Each structure stands twice: as C-alpha cells, then as structure tokens.
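Letter by letter, the chains look like this.
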Amino acid sequence: MLRLLFAWFLSVPAVMLGLGVSPSTLSYSSVASGPMLSRSKRVTVTATGKWKAVAGSGLAGMLTLSPADGIGRGAFTVSLTDDWMRSRRAGVYLQTIVVSDGATSQNIKVTLTVVEKTPAPKFTALSGPKGCSNVPGLPALAVCAVPGEKPPGNFNPPAVGGTYVDPNFGSTVKVLTGPRSLHGYSTPTAISATGKYVLVFSNDTVQAVDRKTSKVSFNNIKIGFEGTIWDSRNDDLLYYFSGATVQRYSLSKAEATVLADYSKAPYRFSSISSGGTGDASRQNWISFYAPNEKQVCALSLDTQKTYCAPFGAISGGPFSVDFTQMAKGIDKSSGKRYVLVFAQPAMLIFAVNENSGALDFEFKGPETLEGTGN
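The numbering scheme is per chain: residues are counted from 1 as the chain's sequence reads. For a predicted model such as this one, the threshold for reporting local features is a pLDDT of at least 70, and the threshold for listing and counting side-chain atom pairs is 80 or more; totals across whole chains, interfaces and linings nevertheless cover every residue. Hydrogens and water molecules were not included; the side-chain quantities draw on all heavy atoms of the structure.

Draft legend 1. Examining the overall build of the chain more closely. Looking only at helices and strands, the chain has two helices and 27 strands in total. Within the chain, buried positions represent 35% of all 374 residues. Considering only residue pairs separated by 6 or more positions, the chain has 46% of its internal contacts joining residues 24 or more positions apart. In this description, accessible areas are obtained by the Shrake-Rupley approach with a 1.4 Å probe, and a residue is regarded as covered only by the protein chains that are shown. Here the chain displays about 22,200 Å² of accessible surface, and carbon together with sulfur accounts for 55% of that area. Helix and strand definitions here come from DSSP, where helices need a minimum of 4 consecutive H or I residues and strands a minimum of 2 consecutive E residues; each element is numbered from the N-terminal end. Only protein chains enter the area calculation, which uses a 1.4 Å probe; residues under 20% of their type maximum are buried, those over 50% are exposed, and those in between are partly exposed. Contacts are assigned to residue pairs with any non-hydrogen atoms lying within 4.5 Å of each other.

Here's what the structure looks like:
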C-alpha cells in the first residue's frame, strides 16, 4: 500500500507541471462594418520552460499574438487584426492558436461571429416636414428652411404663456419666458422631477418657472446655473458642486446645505466636478470626478453612499475628462449600474459594486472619432 501511495505521489507533479492554457476557447462577436465590444482577449500559459504561441492553419491575418513566446507561467494577448476586420461580411470565422513547449502542445479554438448591420431607422413626422432636404450621412430630412425664419424674419412669437404651432413638424410650442432667457447645458434636464418647474437664466438671475402657468415661482435663486442637477423624485431639490462638496438646495427654504464633503478623509479631494454636463439617473444617482486625484465617483442621493475608483493608471492615458454621466438605470443584460467617463483619448466605463463599496473598471473605448483608434 505504501509503495502505491508513494508511486501516486511521485506522479502528481509530472501532471501538474505539464503545459496548460486557459481558456481553451475564445469567442468574439461583431457587427459588419460596425463596432466590437472587445477586440482583445488574454490567455494564461502554465509551463515549466520555454513556450511559443503561433496561429494555426486557419484564416491568415486574422489574429495577432503579443507576446508570442515566454518562459514558465505567463500570458499573451489575442487580438483581431484591424485591417483584416474591416472587410468581414456576416458569417462565422474560425482559427486555431497552437501553444507548444517543444514536447507537447495545446490548441485554442478561436471563433468570430459577424452579424449583419441592422437597417437604418425610418423617421416620420406628424405633419410635414416642409421645405426640408436630405444631407449625406444624416437620417431623415435633416436641413429645413423655416418660412419667414431669415433673420430678423417676420415671425413674432406670442407673449409668455402663449403657444404656436411649429411650421415644420406640427408640434405645439409653449412660450415660458421672455426674450434673452437660457437654460443650462443640453445634457442636464432643465425640467424638475414631475415636470412642475423649468430652471432658466433670465433677467440676469436664476429662476424656476412653473411649466403650466409660465409664471416665475422662485426668483434670484442663489446657485450656480451650469451643472445644476434636479432631484429625480422631489421638485423642491437641486444639487450642485462647490469646491470638493456636493450641495443640496431647497427651493422652498431658499438655502443650500452640504450633502457630502470630499475634502475630508478618506477621500481628501481638492475639487470635484461633473463637467457641467452630467445628469442624475432615474434612481437618483449622480456622478463626478476629482481631476487632481484622478478619481471617478458615483453618489446615491437617497442613501448618501459614495463609490469611487482611480482612472490615472489605466492604460492608454493620460485621460483628460470632459464630463461624467450616470447611466439612466440598471443595465438589463448585465444587471450593472454604469458610470460613463467621457474623456480624451477614449471614454471609460465603470460599474457600481455595492458589495465592495467601490467602482469596478469595466472597459475602455471607443476612442474619439478624430483619433487614430477604432
């Protein structure tokens, strides 16, 4: 019995120290002439000595391997070649990677599935459009000549509270304020949670206008105008960033209170910002970043819990952040709540991890259209 046990014990290292690869299959998916979520995947190699990875006898030029060799335990990246990918039509493409240590070899099966691009959407309008024309690269009738719109034109809008019918699309437009009134940047909604108020800048001051009556409900509001975010449930509350703090402003009380101060431990941020463009999610989450500390964060306004992650060490940087944005809800397919960081040279995607109390880095890209990436 002892001899059998001893013989078995001696045989175990020989099995454990053999050549191994993980995973043994790689699957990619793409849209014909469209984007890919992930063009590169990582393979781990276990070996006792030198090893080498080469593409098999399948489709030439499909893959690049980096690095293609190593010693002992290591890894290499399998990437679909950009030039090869550009000419792929819908179909299934196969290739094999052979990893060898000189004595034995392991095969990795690679599958790429390319599907047809869905047809472009068709646009219809309730009425018209009139005097409009097609523009190459843009959907529907993109450029319209509005009757009487040549500046200064002969169109006189009705007084505040009045309405008129748009001559192109037949929609009814209601006038909420007088001339020279503005709302904030386009992404944060100017309309409160239930549609009761519209936040505007008029007569050199910030105002909340009643959407139904067009009357000013709150005047001379003492908040920053750009980057102000409405609460997703309460028409009375607004949020804005000041220094390293998140401020909560009550319209009815005409006062601001500090909701969170990130200049203190454990954060010690010198300043925070949403970029003036981000908005709240349906479940009342907001996002921001600390430019000097290279951190991105998500804050639940309901629970006042914060989730952060660094972005300074992510490959492909340094990243210059324009703005951050919470996804509007939880993604149905992944079950994750995403934070989008719009930056140069590429956007960054994070997900809220409520178990760890931090953000998880998910993936990078796409790069900006003016760049040299995908």
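The structure having been displayed, the exposition proceeds.
Draft legend 2. Structural detail: empty space enclosed by the protein. Cavities and pockets are defined on a 1 Å grid built over the protein atoms alone: a cavity is a set of grid points where a 1.4 Å probe fits but cannot escape, while a pocket is an open set with protein on both sides within 12 Å along at least five of seven lines, and lining residues are those with an atom within 4 Å of any such point. Grid points are joined across faces, edges and corners, and a volume is the space filled by probe spheres set on the points. Tallied over the full model, the rule gives one cavity of 30 Å³ or more. Its boundaries defined by the atoms lining it, the largest cavity holds a volume of some 80 Å³. If you go around the largest cavity, the residues you meet are His 183, Gly 184, Tyr 185, Pro 188, Thr 189, Ala 190, Leu 199, Phe 225, Gly 227, Thr 228 and Trp 230. We call Asp, Glu, Lys and Arg charged. Ala, Val, Leu, Ile, Met, Phe, Trp, Tyr, Cys and Pro are nonpolar, and the rest, Gly among them, are polar. Taken together, the residues that form the lining of the largest cavity break down as six nonpolar, five polar and no charged.

Draft legend 3. Structural detail: the state of the cysteines. Cysteine sulfur atoms that pair up within 2.5 Å are treated as a disulfide. Under the criterion given, the structure shown has one disulfide. For Cys 297, the disulfide goes to Cys 308, at an S-S distance of 2.1 Å. Judged by the sign of its S-S torsion, about 105°, the cystine formed by Cys 297 and Cys 308 is right-handed. With Cys 297 in strand S22 (residues 295-300) and Cys 308 in strand S23 (residues 306-310), this pair connects stretches of sequence that are 11 residues apart. In this structure, Cys 297 and Cys 308 share a single accessibility class: buried.

Draft legend 4. Expanded view of the nonpolar core. Core analysis: the biggest nonpolar cluster contains 25 residues, and Phe 76, Val 78, Ile 97, Val 99 and Leu 112 have the highest contact counts within it. Those elements that place two or more of their residues in this core are strand S2 (25-31), strand S3 (40-46), strand S4 (50-55), strand S5 (63-66), strand S7 (74-80), helix H2 (82-86), strand S8 (91-100) and strand S9 (105-115). Ignoring any residue separated from it by four or fewer positions in sequence, one finds Ile 97 in contact with Leu 26, Ala 53, Val 54, Leu 63, Leu 65, Phe 76, Val 78, Gln 106, Asn 107, Ile 108 and Val 110. Counting residues in each nonpolar core, the second largest holds 19 residues, with Ala 309, Val 321, Met 326 and Ala 343 among its members. Put simply, buried Ala, Val, Leu, Ile, Met, Phe, Trp, Tyr and Cys residues joined by side-chain atoms within 4.5 Å make one nonpolar core.

Draft legend 5. The arrangement of the side chain of Ser 300 in detail. Mapped onto the secondary structure, Ser 300 falls in strand S22. Those residues within four positions of Ser 300 in sequence are excluded, and the remaining contacts are Asn 284, Trp 285 and Lys 305.

Draft legend 6. Region of interest: the pairing of strand S14 (residues 197-202). Most of S14 is tucked away, with five of its six residues classed as buried. Two strands are counted as paired when DSSP detects at least two bridges linking them. Pairing geometry for S14 and strand S15 (residues 205-210), over six bridges, is antiparallel. Pairing of Leu 199 across the sheet is with Ala 208, part of S15. Hairpin connection from S14 to S15: two residues lie between these consecutive antiparallel strands, with Asn 203 at a positive phi of about 55°.

Draft legend 7. Quick look at the sheet that holds S9. Strand order in the open sheet formed by five strands is S2-S9-S8-S4-S6, and the pairing between neighbours is mixed. Two strands lie at the open edges of the sheet, namely S2 and strand S6 (69-71), each paired on one side alone. The mean inter-strand angle of the sheet, taken between neighbouring strand axes irrespective of direction, is 20°. Fitted lines through C-alpha atoms give the axes, limited to the stretch in contact for helices. The angle between two N-to-C directions lies from 0 to 180 degrees.

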